[in-house]
Amino acid sequence: MSGDRAIDEAHDPALESTPAVDSRARVVLRKGRARPLWFGHPWVYANAVDRLEGSAEPGATVSLVDHDGRLIGRGLYNPRSQIPVRLLTRQDEPIDGAFFRRQIATAVALRGRLGLPSAATTAYRLVNSEGDDLPGLVVDVFGDALSVQITALGMAQRRADLFDALEEACKPRSLYEVAAASYADLEGFSAQTRVARGESRPRVACLEDGIRLEAEPLSGQKTGLFLDQRPNRVRVGQLARGARVLDVYSYAGGFALQAARGGATEVTAVDSSARAVARIEAHAAANQLAVRAVEADAFRFLETATPRSYDLVVIDPPKFARARKDLDAARKGYERLNALALNACAPGAILVTCSCSQNVEPDEFERILAAGAKQAGRRVRVLERSGTGPDHPLPPAFTEGQYLKVLFAHVA
Ligand code: SAH
């Protein structure tokens, strides 16, 4: 969740012409290290690898076999990564343009099964990396545009095939590539935020459960909008009737807009980014909804808010724990934030508290809420536990992919 990004619309053909090799090399696992992979886990960690048989350049595809030589599947190889193999398939099949067309057709069919897109919702995730057997590839749909983020070298080398397959399946008016600089550095490829195919537009219109939104793939955060919270925003809309609502870390106003449409008596949305606040105001106007947008630091705002003055409070901060070593500081930050949000809650209010730190486990996050309640001197009960929506599928037990935790709590 980085800050606002520089706009770079340059079309650089070199980005799409790196040769991608479908090699016959095999990565052999150490004895006893194949079990998670047989159970559907998609990653091979460096310390599980015994040897490479044959030769493979970084980014090539390889076959993965267990210590006895049994084929587990085929995947992307990158020896300089902590995850040298990411599985694409469990079959012994060539990884080529036809393969990517099939994977993307499968992803489209799953969204169709989920009712996406619909008359009310045209913003959703089409490809969720490992969850769609396309590790290192995220594709979000915003109306008639696609926003693509690449986080693995092998995928970066196959941009041309991927973009062709996406164009064929979705016929987008614009296809954006949004750079994920930290992953590109780790994996060793160059990435630019740009319009890769089609029309260059600064924003693209889409709908979320009937709310009109505009995504900014070139200049916004993440791929343009945060789609992972969609079902939770809809739920907040259902809980907002008659409530005084506070949406902190609001970004484009997703929770605030749903609350306003759901019948909130007043809605305040807070974000520290001026660009985000401008979006909230534009979105409120486009939907003829009343939202007061405030540009402020979340902690500052909550420290000076009138105590016990809101009936529904949402806190959806950026990642506090980027790595395991940040965990202690992150825990303290979350506790303090939750305590401050609880101070703002009137008796009988609902607090919707979120964490997108993958390193903070679900039970740990509940303990954080309990500690925040202790600090604030309030009693809370968890009503609902939620996370990402169904357009973010994941293999079971792939805890590395589970990052979002959302608790709906009643505040006494
Ligand atoms: N709730 C949003 C997503 C939030 S992402 C949604 O439903 O779409 C996190 C947001 O926190 C970003 O918009 C970022 O600009 C904002 N942010 C980061 N640091 C902040 C701070 N210290 N105070 C307030 N907002 C902050």
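Located above this text is the structure these notes cover.
Residues numbered from 1 in each chain as written. Predicted model: local features only at pLDDT ≥ 70, side-chain atom pairs only at ≥ 80, totals over all residues. Heavy atoms only, no water.

A. Geometry of the state of the cysteines. Using the criterion set out here, one finds zero disulfides in the structure. Of all cysteine sulfurs in the structure, the one in cysteine 170 sits closest to cysteine 206, which takes part in no disulfide; the separation is 15 Å. For cysteine 206, a relative accessible area of 5% gives the class buried. Among the cysteines around cysteine 354, which has no disulfide bond, cysteine 356 carries the closest sulfur, lying 8.5 Å off. (Disulfide = S-S within 2.5 Å. Buried < 20%, exposed > 50% of the residue type's maximum accessible area, 1.4 Å probe, protein only.)

B. Just the nonpolar core, in detail. The biggest cluster of nonpolar side chains holds 44 residues, and the ones touching the most others in it are Leu225, Val291 and Val352. Mapped by element, the contributors of at least two residues to this core are strand S12 (204–208), strand S13 (211–215), helix H7 (254–261), strand S15 (266–271), helix H8 (274–286), strand S17 (310–315), strand S18 (345–355) and strand S20 (405–411). In terms of residue count, H7 provides more of this core than any other element does, five residues in total. Every residue in contact with valine 352, bar those within four places of it in the chain, is listed here: Val236, Leu312, Val313, Val314, Ile315, Val406, Leu407 and Phe408. Ala305, Leu340, Leu369 and Leu407 belong to the second-largest nonpolar core, a separate cluster that totals 36 residues. (Core = buried A, V, L, I, M, F, W, Y, C linked by side-chain atoms within 4.5 Å. Helix = DSSP H or I, 4+ residues; strand = E, 2+ residues; numbered from the N terminus. Contact = heavy atoms within 4.5 Å.)

C. Looking closely at the sheet that holds strand S11 (residues 194–198). The strand order across the open sheet built from five strands is S7-S8-S9-S10-S11, with neighbouring strands paired in mixed fashion. Edge positions in the sheet fall to strand S7 (123–128) and S11, since each of these pairs with one other strand and no more. Pairwise comparison of adjacent strand axes, ignoring direction, gives a mean angle of 20° for this sheet. Sheet analysis places strand S10 (residues 174–177) next to S11, joined by four bridges and oriented antiparallel. From the neighbouring strand, serine 174 faces S11, where its bridge partner is glycine 198. On the sheet, helix H4 (residues 159–170) packs against S7, strand S8 (137–142), strand S9 (145–150), S10 and S11 and is oriented at approximately 55° with respect to S11. (Pairing = 2+ DSSP bridges. Axes fitted to C-alpha atoms, helices over the stretch in contact; angles between N-to-C directions.)

Distances and angles like these do not, on their own, reveal function.
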